[in-house]
Amino acid sequence: MIFKVKSSDIEGQHSLIEVVPVILSKSRILVTIILSIITCSLFALLMKWNNKLYRIILFIKIDEQQCTHYLVTNSYNQQSICKKIYQLNHDSFQPVDFLKHNTVEIKQRQLQMLINTDLSHQLRYDIYGNSKLQVPIQSLLTYLFQELTSPFYMLQYFSVLLWIIEGFIMFSIVLISFSFLACLINYFLMRKSRIQLQQLANIKQNVKLIDNKIIDGSELIVGDQFFIEEHLQLNCDCLLIQGDVMVNEATLTGETVPIPKQAIKELSNDIYEHTLFEGTKVIKISPYQQNIGLVIRTGYGSLRGQYFRNVLFPPLPSRVFYIQACKFLIILGLIILSIFTLLLIVKYQYMHYSIKLIIVRYLDAITWIIPPALPIFFSLNQTISLLKLKQIDIVGSNPIKTEDSGKIDTICFDKTGTLSTLGLQANDYIPHQDSLLEIMACCHHLTIINSELSGDPLELEMFKLADYDINFDNQKYFKVSKNQKCFQVIKIFEFNSHLQRMSVIVFNELENQYYLFVKGSPEKLIELSNKQFDQSLLNQLQQQTYQGLRVIGLAQKQLMFDQIDLDRNILENQLNFIGLFTLKNYLKDDTSQVIEELLKSNLDLRIISGDNPLTTVHCAYESNLIKNKQNTIILDYDDQQEILLLQDLNQQFQTKTQLDSKLGSQFNFIIIQLELILNRNCDFAITGNLWGYLLSNKVNDISLNQSIDQSYYKQLRQTDEIDIKFINCLNNLVRKTKIFTRMKPNQKKEIVQYLQNQLNKNVMMVGDGANDCSAIAEALVGVSFNSSDASYTSPFSYKKDSIQCVKLILLQGRSTKSIIIEIFQYYVLISVLKFTGTALLQFQGMNFGDFQYIYMNYLSSIPVLILLTLSLREDKLTDAIPNDNIFAINNQLQFYNIFILTSFSCLIIFFIVIDNSEPPTLPNPIDSYLKEGPLNSVMMIVNQYYNMIICIILYQSNPFKKPLYLNYSLLSWIVLCLIIAIIVTFNKYTRSWLSIVDIEEEIFRHVDVLVFFIIFCTSALCYFCQSILKLKFPLIKSIQI
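Residues numbered from 1 in each chain as written. Predicted model: local features only at pLDDT ≥ 70, side-chain atom pairs only at ≥ 80, totals over all residues. Heavy atoms only, no water.

Just so we agree on the cut-off: UniProt positions are given in the numbering used here, feature names are shortened, and annotations may be inferred rather than shown by experiment.
By the naming in an unreviewed UniProt entry, the protein is Cation-transporting ATPase, taken from Paramecium pentaurelia. Recorded under Subcellular location (unreviewed entry), the UniProt text for the protein is reproduced unchanged: "Membrane". Looking at the protein in UniProt, the text filed under Sequence similarities (unreviewed entry) is "Belongs to the cation transport ATPase (P-type) (TC 3.A.3) family. Type V subfamily."

Here you go:
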């Protein structure tokens, strides 16, 4: 039986969607043990490598009452087995949540039920844990067991065993030592990273419980009540149940702005303004009463804990390139084995090789074709790319994302704080009346911190423009005065993003009258007004937003004394909408320049903002994202009147498309209208209202707030209820829309999901605040502009305040991707070349010697692979990305060009040697190889040259990397190895260390010159062919919008 998980959004990004009860079968455990013994632990290893096989073999689905474990599926369709940790409730599971657990059965949830919980301390600890964020750090032995029993190392053990059998003892020891050393280095790097993360996660301080007991902050558990003091950094998420405090939420939003929090009176769905989040710092508390917090979330359940969990358990990366690489190696392996089989039939079987040596050689061929150390160099390249980015103040947390950055074709930007500055400058107020200045002087929550007026920058600018005096002495909040006027603020209703407004109740001492002053979204205040306002304000609103100004609506309402304790939802109605306050929000200095560069590289750029549509369109115009602001249509939806709103900026008016009143026809009518509108040749902007309406009407009970990803979009395509007409219309709408405005945080995430999963885009999301976290985490690559906890959802964080980092990350990503492709091709080609050499050597019963193998692998080609990762990125973006399709004709032609010509060269030299030298005397049967002789010596020299020349031929500079000669370390190593090869070729006194015989004496005079000439000619031909192929079949993929 399958149980769905309710309220799974509590889990954050890694939400669970279903639970299946299973039982661990004892009989199957016994069978597994027997099979593991019979197969020498191979069966156990297969189960370790394949979780699906592990689950199928050991566990059986059963009724919930009898189960011992649960098979849990998360939103990324990943499955794992765990013990019972969820409570079954009405045939469904739900995550443990203190708020819902204690009040779920009560229609009107009572705050006192939480405060006076009947759960014991021990039970609360068992259910929720404490506040310590324990970052898992594996012990060395555990890590070594996990790594050294992986398929990668098992292949190495297999290779070492074969080479020992063939007599390559020294080479085997070096190989296994190198791999073990690499494993140890990886462990210590991982351990260092985890320790740093643990230090960052820990908040060490003491807190005082309400029973006056002092404990370590990490020991707080859900349900505890403690005193909140100044300078306290919170160890948990808690509700403020008494008092008033001011906190700095820079660790969540990236903005160092004092945020006021008030004590909660009753529970509601929105408790943000009463919640103090883990990691935030308390900068001021109410001196008039005790300030008490109630712990509601701890550990990885807190908001900060979820950010850390995203770092520890990132979404699985795309493995398309690596899957293709494996398929290519399998095909290449079959070709090589076929060649070896043909040679065996034609020649080897008549040379009296022992059966043992033939079998070993067959198996050995597999290890040549599938280079076991390849993943090490992929990881090394990604890590070095992170270090390169760190040098330019871009901090990365996930090495794989450096490679993913090379695939980006679409970039979504937040507006405020990303394209534009966070700072605002007061512009004007309309109309010029004293009543507006009164509201501007009172409607805020500024405070004095360190003898300086502090608060939201918008409110600071507004108060400065009002030019009132403010006094905090002996006041619960504050008093403002100017000339004879004096207003005392007696209650503050904090700004709420859902309500889109804040308000204050003030007492006018001169008039002896109470007022409600409100500021917020002009559209929202107009909606809440008594409609008796100057209609010219609507025109002013259009004009000011069209000019890109930030516009704040101002309203007021006269109150009676008996009204001041009413709920804000009752008070904030029938308002007198009296005017507007405007602010300027400038673009960052380099925004337009960077956007212009990104557009020239043919990237698909979007703005996803929560700001006003006209303001966002103006920002897009100023930043060069759209060329003509007037050639823009804003599409909106009024859900109350059920009408589609169309605003054509070229005509400066808004039209309303009334829908058919027949039930079920509204949505189809909207689609028809959108199809007609989208045929226009203009830029489009859509609002969150329209986006939400389109999804909610046709997405049947599928929540995009959960990261259902591919499964969601498969269902989107397959569900009969969603017709093709709608899908095509929505696809067309998203393709043509460059500006998404008035978007809520979850809608930003939905758009990123849609672009990636429905339109197959590779998306980078660039944002700066907590409202961008979901979208940043959902995107293939995320970028933030601060080093706060909020940026942990982002793989990259820039220390400077500029979108220049986007260009730098893209450049480095493309370079990284290009290098990975070259590493793969180079390593495979030199492995195939060594196999070709050994196949030809076996015609005379020979093979390379121990030290020869060590030199070819570890003293020659391995340094090339390492130094290749140091290649410098280009400085200019182009309209192309690396073509990482292994089976693309471009990559195939260039790979086989080198493979065929170098093999052909080896074949020519082989025939020259065997025709002009005495064949060695071979035993019958041949149980071991000869490791010295003229053919061995020549093939060793050939490999020395080609190991370097192949790197030169494969190196792709423009447009992703700078030329090879600027990678000084790699160039120096190549030149050094080629010099050594030349010296060994022409100076017989320098050959003994490589077990190379005097080839002129053994073959004929000046054979060294002939071999060098053949290598030079085939290399020149190979380079020439490669250059022609790069022109005809470039190794790049044009970005298609």
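**Some remarks on the packing of aromatic side chains**
Basically, it comes down to this: Here is the rule: rings of Phe, Tyr and Trp (six-membered ring for Trp) pair when centre to centre is within 6.5 Å. Planes less than 30 degrees apart are stacked, more than 60 are edge-to-face, and the remainder are tilted. Only protein chains enter the accessibility calculation, which uses a 1.4 Å probe. A residue is then buried if its area is under 20% of the maximum for its type, exposed if over 50%, and partly exposed in between. Working definition: helices are DSSP H or I runs of at least four residues, strands are E runs of at least two. Numbering for both runs from the N terminus.
According to the stated counting rule, one finds 35 aromatic pairs in the structure shown. Arranged with centres 5.6 Å apart and planes meeting at 55°, the rings of Phe-340 and Tyr-348 form a pair that is tilted. Tyr-348 carries the same exposure label as Phe-340, and that label is buried. Geometrically, the ring pair formed by Tyr-637 and Tyr-693 is stacked, given 4.0 Å between the ring centres and 25° between the ring planes. With Tyr-637 in strand β30 (residues 632–638) and Tyr-693 in helix α24 (residues 688–698), this residue pair connects regions lying 56 residues apart in the sequence.

**Examining the packing of helix α12 (residues 320–346) against helix α31 (residues 889–915)**
As a reminder of what qualifies: Interaxial angle, 0 to 180 degrees, is taken between N-to-C directions of lines fitted to C-alpha atoms, where a helix line uses only the stretch in contact. Here is the rule for handedness: rotate from the far helix to the near one, and if that takes an anticlockwise turn smaller than a right angle the crossing is left-handed, while a clockwise turn gives right-handed. By definition in these notes, contact holds between two residues if any of their heavy atoms fall within 4.5 Å. Three classes are used: nonpolar for Ala, Val, Leu, Ile, Met, Phe, Trp, Tyr, Cys and Pro, charged for Asp, Glu, Lys and Arg, and polar for all others, with Gly counted as polar.
Look at α12 against α31: their axes get within 14 Å of each other, and the N-to-C directions meet at 35°. Judged by the sense of rotation from one axis to the other, the crossing of α12 with α31 is right-handed. Here Phe-328, Leu-332, Ile-335 and Ile-336 of α12 lie close against α31, whose contacting residues are Gln-892, Phe-895, Tyr-896 and Phe-899. For the contact of α12 with α31, a count of residues per class yields seven nonpolar, one polar and no charged.

**Quick look at the pattern of salt bridges**
Working definition: two side chains of opposite charge can pair if their charged atoms are close together. Rule in force here: We define a salt bridge as a contact between a side-chain nitrogen of Lys or Arg and a carboxyl oxygen of Asp or Glu at a distance within 4 Å.
Counted according to the given criterion, the structure contains 32 salt bridges. A salt bridge links Lys-748 to Asp-414; the nearest nitrogen and oxygen atoms lie 3.2 Å apart. Here Lys-748 is found in helix α27 (residues 745–758), whereas its partner Asp-414 is found in the loop between β18 (410–413) and β19 (425–430), with 334 residues between them in sequence. Arg-501 serves as the salt-bridge partner of Glu-572, at 2.5 Å between the closest nitrogen and oxygen. Here the residue Glu-572 occupies a position in the loop between α20 (568–571) and β28 (576–584), and Arg-501 occupies one in strand β25 (residues 501–508), the gap between them amounting to 71 residues. As far as burial versus exposure is concerned, Glu-572 and Arg-501 are alike and both buried.

**Details of the side chain of Asp-611**
Locating Asp-611 in the fold gives a position in the loop between β29 (604–608) and α22 (613–622). The buried category is assigned to Asp-611, whose relative accessible area is 10%. Not counting residues up to four positions away in its chain, the partners in contact with Asp-611 are Lys-415, Thr-416, Arg-550, Thr-616, Thr-741 and Arg-742.

**Examining the pairing of strand β27 (residues 550–559)**
Stated precisely, the cut-off is as follows: When DSSP finds two or more bridges between a pair of strands, those strands are recorded as paired.
Most of β27 sits out of view: eight of its 10 residues are buried. The pairing of strand β26 (residues 513–520) with β27 spans seven bridges and is antiparallel. Bridged to Tyr-514 within β27 is Leu-559. Sheet topology places β27 next to β28; seven bridges connect them, and they run antiparallel. By the bridge assignment, Ile-552 is partnered in β28 with Phe-581.

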